[in-house]
Amino acid sequence: MNKVMGGEMVERKVDVLIVGGGVGGLTLAQWLTGLGRSWLIVEQAAVLGGPLANSDYILKWIPGQAEISGRDYLAAMVAQIDAAHCARATQLSAVAVDADVGQGEFVCTLSHGDVIHAKKMVFACGATPFSPFPESARVIVGPGLQKIAHIAAGQRVAVLGGGDNAADHALILAEMGVAVTMLVRGQLRTSAALLQQIRQQPMILICTDCQELVLSTNATGVQVQGEHYDYAVVYFGYQASPQLQAFPVLKTAAGALRDGVFAIGDMTQPEFPNILLTQGQAAVVAKQIDAQLSQRAK
Ligand SMILES: Cc1cc2nc3c(=O)[nH]c(=O)nc-3n(C[C@H](O)[C@H](O)[C@H](O)COP(=O)(O)OP(=O)(O)OC[C@H]3O[C@@H](n4cnc5c(N)ncnc54)[C@H](O)[C@@H]3O)c2cc1C
């Protein structure tokens, strides 16, 4: 590490700069550590772990991990990460990236002024929930049990969306004693087990084939398709983080990622985003990077 006199700016050299410290970034860091490669995670949030680190939601389909919450799963991962390798807790993000082709490295200026020289860059910035309706006190966008925890028994909620997240949260709300109407533009896309549960739940009314969903808010709640609800919760899927678009230098003229730049996890817009896929991609990219760096050292 090269500390510049005056104390403001630090220069570091690492094999890999990882942008995003969620499931993908943390998994990648662990693999790189095992392979003997140096890395630094840049995380924009105050804590590592990504959205799952704040979720008491019980994770599904993680072999060997029945009944574990996102919070506990991520806490275990964060505990294994060496904090000295994380530029975090100060809402950092990369603000400038230059590719020094001659030196075969990327020069990244972080938002607090530090400069990182990295041989490879991996983007693991995840995705954000998509909604055509702005989030407000009455319009809740995307999953997160804490977002719906204040809704009380007896209230009416419109759940907009027909995927697993929508069905899952409709069930949770119904179990809280909330009257739920699921409004789906086309047909339900939930998995068979959830479909059976929502159909059997008397607190859930399902309306499919809704044409364009029209929503307006007022002081006491929301109007959806002319009906009054206390809240609307929107589960329209996700859009990949736009972070890579901020640095055109990381792409070729044809729009592909340039050599030495990788993306993993929800940023790759997989058809079915999930933890195992993200962790698998992280493992593959770590091995690819290790092989490329070994080749370069010859
Ligand atoms: C509530 C919820 C429940 C889920 N349940 C399951 C489940 O049961 N089973 C399952 O397999 N999958 C589940 N998923 C999906 C799974 O969480 C994702 O597929 C996985 O987290 C993707 O990992 P990621 O690393 O790509 O992104 P994330 O985990 O979203 O991490 C992205 C990280 O990048 C950071 N970041 C973003 N932009 C920047 C920037 N510019 N600079 C620095 N840092 C940045 C973010 O702050 C975040 O920490 C769930 C997701 C949610 C939200």
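Residues numbered from 1 in each chain as written. Predicted model: local features only at pLDDT ≥ 70, side-chain atom pairs only at ≥ 80, totals over all residues. Heavy atoms only, no water.

A. Molecular detail of the domain arrangement of the protein. With domains assigned, the protein is organised as domain 1 (2-128 + 238-297) and domain 2 (131-234). The centre of domain 1, based on its C-alpha atoms, is set 34 Å off from the matching centre of domain 2. Between domain 1 and domain 2 lies a buried interface of about 500 Å² when both sides are counted; carbon and sulfur atoms form 51% of it. Our enumeration of links across domain 1 and domain 2 arrives at 1 salt bridge. The residue K60 makes a salt bridge to D168 at a minimum N-O spacing of 2.7 Å. Between domain 1 and domain 2 we count 2 residue pairs in polar contact (both at pLDDT 80 or more) in total. Residue classes in the side of domain 1 that touches domain 2 are distributed as 3 nonpolar, 1 polar and 2 charged. (Domains from an automatic or database assignment. Buried area = accessible area lost by both parts, 1.4 Å probe. Salt bridge = Lys/Arg side-chain N within 4 Å of Asp/Glu carboxyl O. Polar contact = N/O pair within 3.5 Å; in protein donor to acceptor, adjacent residues only side chain to side chain. Nonpolar A, V, L, I, M, F, W, Y, C, P; charged D, E, K, R; others polar.)

B. Structural context of the environment of L194. Its place among the elements puts L194 in helix 5 (residues 192-200). For the pair L194 and L171, spaced 23 residues apart in sequence, the C-alpha separation works out to 8.7 Å. Beyond its immediate chain neighbours, meaning those up to four positions away, L194 contacts D164, A167, D168 and L171. (Helix = DSSP H or I, 4+ residues; strand = E, 2+ residues; numbered from the N terminus. Contact = heavy atoms within 4.5 Å.)

C. Highlighting the packing of helix 4 (residues 164-175) against helix 5. Direction vectors running N to C along helix 4 and helix 5 enclose 40 degrees, while the axes themselves pass 10 Å from each other. The orientation of helix 4 with respect to helix 5, classified from their angle, is oblique. The crossing of helix 4 and helix 5 is left-handed. Contacts between helix 4 and helix 5 involve D164, A167, D168 and L171 from the former and L194, Q197 and I198 from the latter. When the residues that make up the contact of helix 4 with helix 5 are grouped by side-chain class, the tally is 4 nonpolar, 1 polar and 2 charged. (Axes fitted to C-alpha atoms, helices over the stretch in contact; angles between N-to-C directions. Parallel < 35°, antiparallel > 145°, perpendicular 65-115°, else oblique. Left-handed = near helix turned anticlockwise from the far one by under 90°.)

D. The arrangement of the site of the ligand in detail. Near the ligand, the surroundings consist of 29 residues, among which G24, E43, K60, D266 and I275 are the closest. Between an oxygen atom of the ligand and a main-chain N or O atom of G50, the distance comes to 3.4 Å. At a separation of 3.3 Å, an oxygen atom of the ligand approaches a polar backbone atom of N274. Bound to the protein, the ligand loses 89% of the 1000 Å² it would expose on its own. At the level of secondary structure, the elements contributing two or more residues to the shell around the ligand comprise helix 1 (23-34) and helix 6 (275-297). (Near = heavy atom within 4 Å. Areas by Shrake-Rupley, 256 points an atom, 1.4 Å probe, with all protein chains shown as cover.)

E. Representation of the sheet that holds strand 11 (residues 179-183) within the structure. Ordered by their spatial adjacency, 5 strands build an open sheet running 9-16-10-11-12, and the pairing between neighbours is parallel. Every interior strand has two partners, whereas the edge strands, strand 9 (139-141) and strand 12 (204-207), have only one. Averaged over all pairs of adjacent strands, the angle between strand axes in this sheet comes to 20 degrees, irrespective of strand direction. Direction of pairing for strand 10 (residues 156-160) relative to strand 11: parallel, over a ladder of 5 bridges. Bridging across to strand 11, L160 finds its partner in L183. Packing of helix 4 onto the sheet brings it into contact with strand 10, strand 11, strand 12 and strand 16 (231-234), and relative to strand 11 it is tilted by some 165 degrees. (Pairing = 2+ DSSP bridges.)

F. Representation of the sheet that holds strand 15 (residues 227-229). Strands sit in the order 13-14-15 across an open sheet of 3 strands; the sheet is antiparallel. Every other strand in the sheet has two partners, leaving strand 13 (215-218) and strand 15 as the edge strands with one partner each. Within the sheet, the average angular offset between the axes of one strand and its neighbour, ignoring direction, is 25 degrees. Two elements, strand 13 and strand 14 (residues 221-224), share 4 bridges in a ladder whose sense is antiparallel. Bridge pairing links N218 to G221 in strand 14.

G. Molecular detail of the pattern of salt bridges. Per the stated rule, a full pass over the model turns up 6 salt bridges. Put simply, D290 and R37 hold a salt bridge, and the shortest N to O gap is 2.7 Å. Placement of the pair is D290 in helix 6 and R37 in the loop between helix 1 and strand 3 (39-42), with a sequence separation of 253 residues. Of the residues examined, D290 reaches a relative accessible area of 17% and is grouped as buried. Measuring nitrogen to oxygen at the nearest pair gives 3.3 Å for the salt bridge that ties E227 to R156. Linking E227 in strand 15 with R156 in strand 10, this pair joins segments that are 71 residues apart in sequence. R156 gets classed as partly exposed once you look at its relative accessible area, which sits at 31%. (Buried < 20%, exposed > 50% of the residue type's maximum accessible area, 1.4 Å probe, protein only.)

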